[in-house]
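Below, each chain spelled out in residue letters.
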Amino acid sequence: MNFSWLHDKPEAPPATWEDFAYFYRSKFYHFTVSDRDHVEKTQFYYNEALITENEGLNGCDFLPLNFKTAFSILTHQAEVKMPSGKVDKPIIQDNRDGTVSVKYEPKEEGTHELVVKYNGEPVQGSPFKFHVDSITSGYVTAYGPGLTHGVTGEPCNFTISTKGASAAGLTMAVEGPSKVDINYHDNKDGTVSVQYLPTAPGEYHISVRFGDKHIKGSPYVAKVTGEGRKRNQISVGSCSEVTMPGVITDDDLRALNASIQAPSGLEEPCFLKRMPTNNIGISFTPREIGEHMVSVKRMGKHIPNSPFKVTVMEREVGDAKKVKVSGVGLKEGKTHAENVFSVDTRNAGYGGLSVSIEGPSKAEIQCTDKDDGTLNISYKPTEPGYYIVNLKFADHHVEGSPFTVKVTGEGSNRKREKIQRERDAVPVTEIGSKCKLTFKMPGITSFDLAARVTSPSNVTEDAEIQEVEDGLYSVHFIPKELGVHTVSVRYKDMHIPGSPFQFTVGPLHDFGSHLVKAGGSGLERGVVGLPCEFNVWTREAGGGSLAISVEGPSKAEIEFKDRKDGSCDVSYKVTEPGEYRVGLKFNDRHIPDSPFKVYISPDAGDAHKLEVQQFPEGNIQADAPYQFMVRKNGAKGELDAKIVAPSGTDDDCFIQAIDAEMYSIRFYPRENGIHAIHVKFNGVHIPGSPFRIKVGKDVADPAAVSASGSGLETVKTGHKADFIINTCNAGVGTLSVTIDGPSKVAMDCTEVEEGYKVRYTPLLPGDHYVSVKYNNMHIVGSPFRVSCEGDKLADVGAQETSTVVVDTVAKFSKGGKNAGIHMPTFKSDATQVTSKGMGLKKAFIGKQNTFTVNATDAGNNILYVGMYGPKGPCEEFTIKHTGRNNYNVSYSVRDRGQYILIVKWGDENIPGSPFQIDV
C-alpha cells in the first residue's frame, strides 16, 4: 500500500484515504483552519449499536507477522518504535519521482509507532500508530483510522474482523464530547465496516464487545481535532423587559449596574436602558418560573427601591423544546447558494436564538424576519463537505440540534500550505540576569525606536534597544524582581505590532496558545511575489508545536527561522493576488486573533517609484486638516488614499495635483488615537503604506491598562463573577471585553473609580478565554484563561462568544497635584523580613550604630526607617541597598536616654518593630 507527501513535482497524483490500509494515517489535510477552536468539552454523549449474529464473520486474515507494507513519503529519515520499546529501522527506497517508499517487516505483535522526518523535522501526523496482530491469534480484532483519530464533520471509519471466532452479537459504543450516529455494514467476508461522525473535537472512547466482553485493545481512544474547520455564528432573539420604580438621570444610569436572581439562586447581570416612556427598563432572559429579585447598585450599594421583585410566568420562560424548525437547509446544501431553513419561536417564550455553522468554509449567515413572526435563516458555504449546524434557544439545543448537513457542489479551488515546528521552552529567567526580546521590523531606523519595561510593582524604566542585523532588533533589560513584566516597544511613539509584550521573570504561571503573540506586516497586507514577513513570540506559552498555514488563491512558499529565544521569523510568498488566511496554531489551538485575513495586492508595478514628502509629525490634533505630498517620479496611473480611524471607520482623503509629478493629499482626523493612512497607486500600496499617525495627546495606551479580580481566576457556573479593568492614566479609548467559552454569558460593564468593572455569569464548566483590548490592542495578560467548575446549566454546543464595548472616560490615580503619578501595587509580606545587629538593641553617642534588614523573601515594597528620642528625632540616618532587598542601616545620636526605632516594610512593621534602644 502507498501514500505520498507531494514535493516539487505537482504532476504526482495526491493519494486518497481509500487507498490506505488502516494502520497508517497521513495528516495531509487540505482544509482551512477554524476561526476559533473548541475547548475540550466535559459533556459526553454515549451511543451504542448492536450487530446481530453474523454467520459469515469468519476466515478473515488480519495482519500476519510476516507481512510487508510500503508507503511513500518525502523524507530520508524514518524509524519504527516497537511495543517492547526497541527501535527498528525500515528500508527506505527512492522512487525517483519526488517521493521515497518505506518498507517494514514487523517482528512483534502490538501497537507500533512510525516516526517520519523531513530535514530533521517531523512531518505532519508523525508519529503514526499502527497495530500488528498474528493471523493465528483467533481473536476478534478491530482496525482502522477511526480508532485513533479523526476530524470533526468527517466520517471516521474502522473495521471489525472475527477471524473464525464463534458467531455471536457484536456491540459497539462511541462515547465523547458530541452525540454520534453509528452506521455499520456486514461485508459478508468475515468483516464489518463501521462509521461514525463526530461533531465536536476531543477524545472519543470506542468500545467493541464480542459476546459481552471487550475485544483486544478495547476501549480505543480516538483524538478528534477541529483541523480544517471554520465557524460562523449569529445571535438574535428577545428579552423580557420590566420598568424599574423611581426616577433616574442619564448620568446616574452610566454608573449603575443591575443583576437578577432566580428562585434557584442563579444570579446573572441584566441590562438597564431608557424606555420610550422615559422610565428605566430592565432587560433580562427569563430562565425559571417564579419570583425573581432584581438588585440595582451604584458603587456596590443599593439605590432607593432596590432590590425589588419580579414575577416570571410559565409562558415567559424560554423553552427550546417548543421551537419549531423546518427546511431543506438542515438536511442538505449547495455551495455558492443560499441554503434556507425556518425557525418558529412564537410559542417558546423569551430567549436568545444562537446559530453557528461549522465546516470546511466559513459560511455567510443571513437572518430575515418574516411577517408571521418566524425567522428565515440562510447560509452560503463555499466548499463542499459536512457542516455542523448548532441551533440553540435560551442556551439549550432545539430538537434535532446539532444538525449534520452534507453540502455538495464546486469548491473555490483555494490552495493551502502548512508547516509545523517544535518550540522548546526557554530557560527560566532569574533576577539580575540579562533579558532579551527580539523582533524583526524591516525598513525602519533604530533612532525612532524606544522601549520601556514595567515591573510587577509598577516601576517603569527605559530599556536598551540594539540592532542585531539589518531589520532585526533586540530589547535588553535586567529585572530586579520576579513576576510578569510589561515590555512596551514603540516606533515613533506608537506601539509596534505585538506590543505591549508580557515577559515573565521566574517560573511561568500559565502556558498555552493564548499566550502566543504574532505581529508584522505579513499578517496585514502583502504583494504578489514579495516575502510577507511577521514575528511569532512563543516564550510565554512554554514548549509545544507551532503550526503555520497559508490558504488562498495560490500555494504559498513558507520560510521559518528560529531565533532560539522564544521568538521566530516567518515569511511566505504567493503568486496570485486576493484574500488569504494565515492560521497560527500552538498545540492544536489557535493563538489570539488567528486566523489573520490578509489581502495580497497584484505586482507592485510602478507603485514602488512613489515617495512621500512632508508627512506631518508632532502635535497632530483631531478635527483639524493636515496634508502631505506624494511624488510620482514618472509613474503612470491612478492615486487614491483613505484614512482609517481607531474605531475602524474610514474616510476618503482629498487628492489634488500640484503638477505632473507632485500631488497633495489632505486628510481630516476626527478621533484621538492611532490612525492609518492608506495610499495606493493602481490599487497597490506605495512604499511605507499604510502610514500610522498619532492624533491627540491623550492617546489610549494599552500598556497602562491592567485587569485583576477573582473573575479572571477560577469561577463557578451559575455564580456571578467580576473583575476590574484599571484604566488610570491610560488615556481615553475604546475598551472591548470578549468572553469565548462553551456557552454565551450574560455580561455587563460599569464605570468605577479606578476604571471599569466587568461582571458575567458562566453557564457551562470548562475553560473560558477573556480578551481585554484597549483601542483594538490586547492588554498584557490578555486573553486570560479562566477555569470554570460546577454543574451544566445549558446545553453543550459550539464555542460561543460574548462581547461588550465601552468608550472610556479619562481616569486618574489619587494624589491631587500628583494625580499623574501612579503608585506601584506591591505584593509583600512584612512577617518574612529579618533584621539583626547591635544597633537594634544599644547605641553609643557620636558613633555610627548599624544593623541590617533582609527582605529577600518578603516580596517587593518600600523600606521605611524612623527613630525618635527624648528630645526629638535622631541626628542622622543612612540606608544603603546592597541588592536583592538587603539593606545596611546606620544612624548616629547625640543625646542619652531611650529611643524608639520603627522599621516598616511598606505599611507594616517588621518582626520586633518598634524597637527600644538604650543610648
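In this text, all values refer to a predicted model and were calculated from it rather than measured experimentally.

A. Quick peek at the overall build of the chain. Assigned secondary structure in the chain consists of 1 helix and 80 strands. For the chain, the proportion of its 919 residues judged to be buried stands at 51%. Taking as baseline every contact in the chain between residues at least 6 positions apart, the subset at least 24 positions apart corresponds to 69%. When the accessible surface of the chain is split by element, carbon and sulfur atoms take 48% of a total near 43000 Å².

B. Expanded view of the pattern of salt bridges. Scanning the entire structure with this criterion turns up 22 salt bridges. Two residues, E540 and R539, come together in a salt bridge whose shortest N-O distance is 2.6 Å. Residues E540 and R539 agree in their burial class; the two are buried. With a closest N to O distance of 2.1 Å, R563 and D569 form a salt bridge. With respect to burial, R563 and D569 carry one shared label: buried. One connected set of salt bridges, linked through shared partners, spans R423, D562 and K564.

C. Geometry of the pairing of strand β76 (residues 876-883). Alignment of β76 against strand β77 (residues 886-892), held across 7 bridges, turns out to be antiparallel. Within β77, the residue paired with G883 across the bridge is N886. Linking two consecutive strands that pair antiparallel, namely β76 and β77, is a turn of 2 residues; a positive phi of about 55° is found at R884 within it.

D. Quick look at empty space enclosed by the protein. Within this structure, the stated rule accounts for 3 cavities of 30 Å³ or more. Looking at the second largest cavity, its volume works out to about 40 Å³. Taken together, S354, V355, S356, N390, L391, K392, A798 and E800 make up the lining of the second largest cavity. Secondary structure elements with two or more residues in the lining of the second largest cavity: β30 (351-359) and β33 (385-393).

E. Representation of the sheet that holds strand β67 (residues 755-761). Strand order in this open sheet of 4 strands is β62-β64-β67-β66, and the pairing throughout is antiparallel. Of all strands in the sheet, those with a lone pairing partner are β62 (706-708) and β66 (746-752), marking the two edges. Across the sheet, the mean angle from the axis of one strand to that of its neighbour is 20°, orientation sign disregarded. One ladder, built from 7 bridges, connects β66 with β67; its direction is antiparallel. Paired with E751 across the strands is Y756, a residue of β67.

Parameters and conventions
- Residues numbered from 1 in each chain as written.
- Predicted model: local features only at pLDDT ≥ 70, side-chain atom pairs only at ≥ 80, totals over all residues.
- Heavy atoms only, no water.
- Helix = DSSP H or I, 4+ residues; strand = E, 2+ residues; numbered from the N terminus.
- Buried < 20%, exposed > 50% of the residue type's maximum accessible area, 1.4 Å probe, protein only.
- Contact = heavy atoms within 4.5 Å.
- Areas by Shrake-Rupley, 256 points an atom, 1.4 Å probe, with all protein chains shown as cover.
- Salt bridge = Lys/Arg side-chain N within 4 Å of Asp/Glu carboxyl O.
- Pairing = 2+ DSSP bridges.
- 1 Å grid on protein atoms, 1.4 Å probe; cavity = no way out; pocket = protein on both sides within 12 Å on 5 of 7 lines; lining within 4 Å.
- Points joined across faces, edges and corners; volume = space filled by probe spheres on them.
- Axes fitted to C-alpha atoms, helices over the stretch in contact; angles between N-to-C directions.

These values are about where atoms sit, not about what they do.
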